[in-house]
Amino acid sequence: MTVKYPVSSSRVRGTWALAVSVLALAACSRPPAAQEPLRAVKVVDVGRSAFQTEPEFSADVKARVESRVGFRVAGKVTRREVELGQHVQAGQVLAQLDPQDYRLAAEAARAQQAAALTNRDLAQADLGRYRELRAQNFISGAELERRESTYKSAQAQLEQAQAQTRSQGNQASYTTLVADAPGVVTAVEAEPGQVVAAGATVVRIAQDGARDVVFAVPEDEVRQIPVGSPVTVRGWVGGQTLEGKVREVAASADPVTRTYGVKVAIDAATAPALGATVYARPKALSRSGTPVLKLPTSALREDAGATAVWVLDRATMTVRSQRVQVDTADGNEAVVTSGLAPGATVVVAGVHVLSPGQKVTLYQDKASAAAANAAGTARTASVPAPAAPASGAAR
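Residues numbered from 1 in each chain as written. Predicted model: local features only at pLDDT ≥ 70, side-chain atom pairs only at ≥ 80, totals over all residues. Heavy atoms only, no water.

For the record, the criterion: UniProt positions are given in the numbering used here, feature names are shortened, and annotations may be inferred rather than shown by experiment.
The protein goes by RND family efflux transporter MFP subunit in an unreviewed UniProt entry, where it is assigned to Variovorax ginsengisoli. The UniProt entry for the protein carries the following text under Subcellular location (unreviewed entry): "Cell envelope". The annotation that UniProt attaches to the protein under Sequence similarities (unreviewed entry) is "Belongs to the membrane fusion protein (MFP) (TC 8.A.1) family."

This is how it looks when you write it as structure tokens:
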């Protein structure tokens, strides 16, 4: 006989609550983290190679002498006779001021000269008469001396008036601005109707003659360019190549760019057009042919404010971070001066998704992988199949 015991309702409810709790905890628990895939990277073996490129600076062709021409007197510009880019000759009129006030001043000076001449002549005549009276003892010697002093004063006033007349005549002539030397107008800074001060620039003229190639270099390189060192100049248009020598190096840096200006003297007969853009290659900065360690720029990354690369350990196929010092660039490659030794294997692609100690595999493009698979299939097909066992053989 089977005896059935009654089950209490509180026990049933407790069992159900425990089951629901277990299911809820199982649903809320996090799934296990997926294992990071094995990343394929491109690498390169570091080795020494010759430096290829030469430092090249953008430069301008300028005249060795460029004059800022202006009037020697102030006044209102009435006309301008030249235009930008025009070639002028020595003595050619460039601009004209209103000369009316200076002509009136010259006329006043001439009138004063005439008055001074009259006073001098009168003093001279009086002196002659008093000398005759002194010879006859009709006057004292002191009176004659006074007349001589009056004559000398009148003579000095006449000379002063003559100098003033010449000065005012020059002032009137200064209202016409002329070119001092032949050249090309490179800038126009005043227009008709404008009132200019004495000495203010009206036009700028690049004088004919010697030409300079002017470019700027940074502070860390300016000391390597001595005066007299050779420089190769390449034209931006046409590729014409000229040879020149450093004529001048600026003693102080530009206040805005903080660079130093360098002037290279070139032959004026073969120089490019004034203002043309050219490229200058200082021979003193050339490193062509020097053996250096170079890496593609894609291998570089930032590590806590420093430049670093990933170095591959081929034995474990893991990567480690290595800080390096970059000196300059050679085309699209970076020149490394410290931190790496020849023979090291460096990751050059995928550097921003790696972490220290991460295992990687070498990347193969589709063509290389297909060729490798084809070679493997060919080797498998060339192996002969095993012979079938003879009939009745023991198994």
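Following the structure, the description resumes.
### A short note on the sheet that holds strand S8 (residues 176-178)
Spelled out, the test is: Two strands qualify as a pair provided that DSSP identifies no fewer than 2 bridges between them. Put simply, DSSP marks the helices as runs of H or I at least four residues long and the strands as runs of E at least two long, and each gets a number from the N terminus on.
Read across the open sheet, the 4 strands follow the order S8-S7-S5-S10; overall the sheet is antiparallel. One side of each edge strand has no neighbouring strand; the edge strands of this open sheet are S8 and strand S10 (195-196).

### Notes on the pattern of salt bridges
We apply this condition: For this analysis, a salt bridge means a side-chain nitrogen from Lys or Arg found within 4 Å of a carboxyl oxygen belonging to Asp or Glu.
Under the counting rule described, the total for this entry stands at 17 salt bridges. Here Glu 248 ties to Arg 247 by a salt bridge, and the two come within 3.8 Å at their closest N and O atoms. Bridged by salt links that share partners, the residues Arg 64, Asp 212, Arg 247 and Glu 248 form one connected network.

### A few points about the sheet that holds strand S21 (residues 325-330)
This is how it is decided: To obtain an axis, a line is fitted to C-alpha atoms, over the contacting stretch when the element is a helix, and the angle between two such axes runs from 0 to 180 degrees between their N-to-C directions.
Read from one edge of the open sheet, 4 strands run S2-S17-S22-S21, paired in antiparallel fashion. Of all strands in the sheet, those with a lone pairing partner are strand S2 (48-50) and S21, marking the two edges. Here the strands of the sheet are splayed against their neighbours by 55 degrees on average, with no regard to which way each runs. Both S2 and strand S17 (residues 291-296) contribute to a ladder of 3 bridges, which runs antiparallel. Counted as the bridge partner of Arg 48 is Leu 293 from S17.

### Considerations on helix H3 (residues 141-173)
Each α-helix winds once per 3.6 residues, and so residues spaced three or four apart point in a common direction. Where we set the bar: Expected span, for any helix, means 1.5 Å times one less than how many residues it has. Only protein chains enter the area calculation, which uses a 1.4 Å probe; residues under 20% of their type maximum are buried, those over 50% are exposed, and those in between are partly exposed. Whether two residues touch is decided by their heavy atoms; if any such pair falls within 4.5 Å, the residues are in contact.
Between its terminal C-alpha atoms H3 stretches 49 Å, which fits the 48 Å expected from 33 residues at 1.5 Å a residue. Among all positions of H3, only Glu 143, Leu 144, Ala 154, Leu 158, Ala 161, Thr 165, Gln 168 and Ala 172 are buried. In this structure, the buried residues of H3 make contact with helix H2 (100-135).

### Examining the environment of Asn 137
This is how it is decided: Think of a polar contact as two N or O atoms within 3.5 Å of one another; within protein, one of them needs to be a possible hydrogen donor and the other a possible acceptor, and neighboring residues in sequence only count if both atoms come from side chains.
Along the chain, Asn 137 turns up in the loop between H2 and H3. Here the side chain of Asn 137 touches Arg 134 through a polar contact of 3.0 Å, side chain to side chain.

### Some words on the pairing of S17
As paired strands, S17 and strand S22 (residues 333-338) are joined by 4 bridges and run antiparallel to one another. Within S22, the residue paired with Pro 296 across the bridge is Glu 333.

### Some details on H2
For H2, spanning 36 residues, the distance from its first C-alpha to its last is 53 Å, which sits close to the expected 52 Å at 1.5 Å a residue. Three or more residues of H2 are buried, namely Tyr 102, Ala 106, Ala 109, Ala 116, Arg 120, Ala 123, Asp 126, Leu 127 and Tyr 130. Note on H2: the residue one or two positions beyond its end, Asn 137, has a positive phi of about 60 degrees.

### Things to note about the packing of aromatic side chains
Short version of the rule: Centre distance within 6.5 Å is the pairing criterion for rings of Phe, Tyr and Trp, where only the six-membered ring of Trp is used; planes under 30 degrees apart are then read as stacked, over 60 as edge-to-face, and the remainder as tilted.
Applying the stated criterion across every chain, the model contains 1 aromatic pair. For the ring pair Phe 57 and Phe 215, a centre distance of 5.5 Å and an interplane angle of 20 degrees mean the geometry is stacked. Separated by 158 residues along the polypeptide, Phe 57 in strand S3 (residues 57-63) and Phe 215 in strand S12 (residues 211-217) bring together distant segments of the chain. The residues Phe 57 and Phe 215 share a single accessibility class, namely buried.

### Some details on the nonpolar core
Applied cut-off: In plain words, nonpolar cores are sets of buried Ala, Val, Leu, Ile, Met, Phe, Trp, Tyr and Cys residues tied together by side-chain atoms within 4.5 Å.
Val 213, Phe 215, Val 217, Val 233, Val 264 and Ile 266 are the most contacted members of the largest nonpolar core, which has 21 residues in total. When residues of this core are traced back to their parent elements, those giving at least two are S3, S12, strand S13 (230-235), strand S14 (241-249), strand S15 (260-266) and strand S16 (277-282). Tallying contributions element by element places S15 first for this core, with 4 residues.

### What to know about the environment of Val 351
Structurally, Val 351 can be placed in the loop between strand S23 (345-349) and strand S24 (360-362). Between the C-alpha atoms of Val 351 and Ala 299, which are 52 residues apart in sequence, the distance is 6.6 Å. In this structure, Val 351 is in contact with Ser 298, Ala 299, Leu 300, Arg 301 and Trp 310, ignoring residues within four places of it in sequence.

### Re unusual backbone geometry
With a phi close to 60 degrees, Asn 137 is a non-glycine residue in the positive phi region. The exposure class of Asn 137 is exposed, given its relative accessible area of 61%. A positive phi angle is found at Arg 258, which is not glycine, with a value near 60 degrees. On the secondary structure map, Arg 258 appears in the loop between S14 and S15. Judged by relative accessible area, Arg 258 falls into the exposed class, the value being 51%.

### Regarding the confidence of the model for the protein
Applied cut-off: The pLDDT value tells you how sure the predictor is about a given residue, anywhere from 0 up to 100.
Taken as a whole, the protein shows an average pLDDT of 84; of its residues, 83% reach a score of 70 or greater. Note on residues 377-383: pLDDT is under 50 here. Beyond four places in sequence and across chains, it has 0 contacts. Below pLDDT 50 for its whole length, residues 385-395 participates in 0 contacts with residues either more than four positions away or in separate chains.

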